[in-house]
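Each chain, written out:
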Amino acid sequence: MFEVLVFVYENYYTGDSCPEPDHLERKLSAVGFESDEIDEALTWLKGLNTAARGSQGFAGTAPQVPPEPWLREPRPTSIRIYSTAEQNHLGQRCLGFISFLESAGVLPAPMREVVMDRAMAAPGEPVTLDDLKIIILMVYWSFGQEPDALVLDELCDDCSDRVAH
């Protein structure tokens, strides 16, 4: 599924430029992706679209659908407590990375909640850090935003090559 998501991210500049699911399915099939991967990715993308539309009201625009209860804008003093299921599904590295992005001010709470929703919908337990980074890129993509250069570098960088100083 994640290979399909990377293909979609690389080939369609924003979520608005992505074709309708039927057309996208034919295109992905023509490129050579397996039908089960395509179906899983399209289902995941549909959920991303729903979650992103539900949280758009926090960016100053009126949402097209009422926000889900879990997408209500938190107060600046609120703290996000992760459920046991979220902790098990994402693992310590992924939750630490989300916390890092939040503390750096590049992952606002409504986007974080969309990331959490889509990460919980992702296969694999725990979700790998590389897969989480793809999820975060897709959330930025669905919001029509491009992460700044340093965030993009962090999301696309292979940490295994780093040397500790």
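Refer to the structure above for everything that follows.
Residues numbered from 1 in each chain as written. Predicted model: local features only at pLDDT ≥ 70, side-chain atom pairs only at ≥ 80, totals over all residues. Heavy atoms only, no water.

Some points on the pattern of salt bridges
And then number 1: In the structure shown here, the tally under the stated rule is five salt bridges.
And then number 2: Among the ionic pairs, Arg-80 bridges to Glu-86, the shortest N-O distance being 2.9 Å.
And then number 3: Glu-102 is paired through a salt bridge with Arg-112; the nearest N and O atoms lie 2.4 Å apart. Taken together, the residues Glu-102 in helix H4 (residues 84–103) and Arg-112 in helix H5 (residues 109–120) connect sequence positions 10 residues apart.
And then number 4: The class for Glu-102 is partly exposed, based on a relative accessible area of 25%.
And then number 5: Among the ionic contacts, a cluster of salt bridges with common partners joins Arg-80, Glu-86, Glu-102, Arg-112 and Glu-113. (Salt bridge = Lys/Arg side-chain N within 4 Å of Asp/Glu carboxyl O. Helix = DSSP H or I, 4+ residues; strand = E, 2+ residues; numbered from the N terminus. Buried < 20%, exposed > 50% of the residue type's maximum accessible area, 1.4 Å probe, protein only.)

Things to note about the packing of aromatic side chains
And then number 1: Scanning all chains against the criterion turns up two aromatic pairs.
And then number 2: Measuring from centroid to centroid gives 5.7 Å for Phe-7 and Phe-33, while their planes differ by 70 degrees, and the two rings are edge-to-face. Pair noted here: Phe-7 is in helix H1 (residues 2–11) and Phe-33 is in the loop between helix H2 (21–31) and helix H3 (35–55), with a separation of 26 residues, a long-range link. This pair shows no difference in class: Phe-7 is buried, exactly as Phe-33 is.
And then number 3: Ring centres 6.0 Å apart and planes at 40 degrees place the aromatic pair Phe-97 and Phe-100 in the tilted group. Highlighted residues: Phe-97 and Phe-100, both in helix H4, separated by three residues, approximately one helical turn.
And then number 4: The exposure class of Phe-97 is buried, given its relative accessible area of 7%.
And then number 5: Judged by its relative accessible area of 40%, Phe-100 falls in the partly exposed class. (Phe/Tyr/Trp six-rings, centres within 6.5 Å; stacked < 30°, edge-to-face > 60°.)

With respect to a negative patch on the surface
And then number 1: A grouping of Glu-20, Asp-22, Glu-25, Glu-34, Asp-36, Asp-39 and Glu-40 is seen on the molecular surface, where their side chains present a negatively charged patch.
And then number 2: Taken together, the elements giving at least two residues each to the negative patch come down to H2 and H3.
And then number 3: Broken down by element, the residue count for the negative patch peaks at three residues, all from H3.
And then number 4: Mapped onto the fold, Asp-39 is located in helix H3.
And then number 5: Judged by its relative accessible area of 40%, Asp-39 falls in the partly exposed class. (Patch = residues over 30% accessible without salt bridge, like charges linked within 9 Å, V, L, I, M, F, W, Y side chains within 5 Å. Areas by Shrake-Rupley, 256 points an atom, 1.4 Å probe, with all protein chains shown as cover. Lys, Arg positive; Asp, Glu negative; His and termini not counted. Charge placed at Lys NZ, Arg CZ, Asp CG, Glu CD.)

Focus: the nonpolar core
And then number 1: Core analysis: the largest hydrophobic core is formed by 48 residues, its most contacted members being Leu-5, Val-8, Trp-44, Leu-45, Leu-132 and Met-138.
And then number 2: Elements that contribute at least two residues to this core include exactly H1, H2, H3, H4, H5, helix H6 (129–142) and helix H7 (149–156).
And then number 3: Setting aside residues no more than four positions away along its own chain, Met-138 makes contact with Leu-5, Val-8, Tyr-9, Trp-44, Leu-45 and Leu-48. (Core = buried A, V, L, I, M, F, W, Y, C linked by side-chain atoms within 4.5 Å. Contact = heavy atoms within 4.5 Å.)

So, H6
And then number 1: The end-to-end C-alpha distance of H6, which contains 14 residues, comes to 20 Å, matching closely the 20 Å that a straight helix rising 1.5 Å per residue would cover.
And then number 2: Of all 14 residues making up H6, 12 are buried, and the element is well covered by its neighbours.
And then number 3: Two residues or fewer after H6 comes Gly-144, characterised by a positive phi angle close to 75 degrees. (Expected span 1.5 Å × (residues − 1).)

Points about the packing of H5 against H6
And then number 1: Interhelical geometry of H5 versus H6 gives an angle of 130 degrees and a closest axis separation of 9 Å. Put simply, H5 runs oblique to H6. In this structure, H5 crosses over H6, and the sense of that crossing is right-handed. Counted together, Met-111, Val-114, Val-115, Arg-118 and Ala-119 of H5 and Leu-132, Ile-135, Ile-136, Val-139 and Tyr-140 of H6 form the full contact between these two elements.
And then number 2: Of the residues belonging to the contact of H5 with H6, the class tally is nine nonpolar, no polar and one charged. (Axes fitted to C-alpha atoms, helices over the stretch in contact; angles between N-to-C directions. Parallel < 35°, antiparallel > 145°, perpendicular 65-115°, else oblique. Left-handed = near helix turned anticlockwise from the far one by under 90°. Nonpolar A, V, L, I, M, F, W, Y, C, P; charged D, E, K, R; others polar.)

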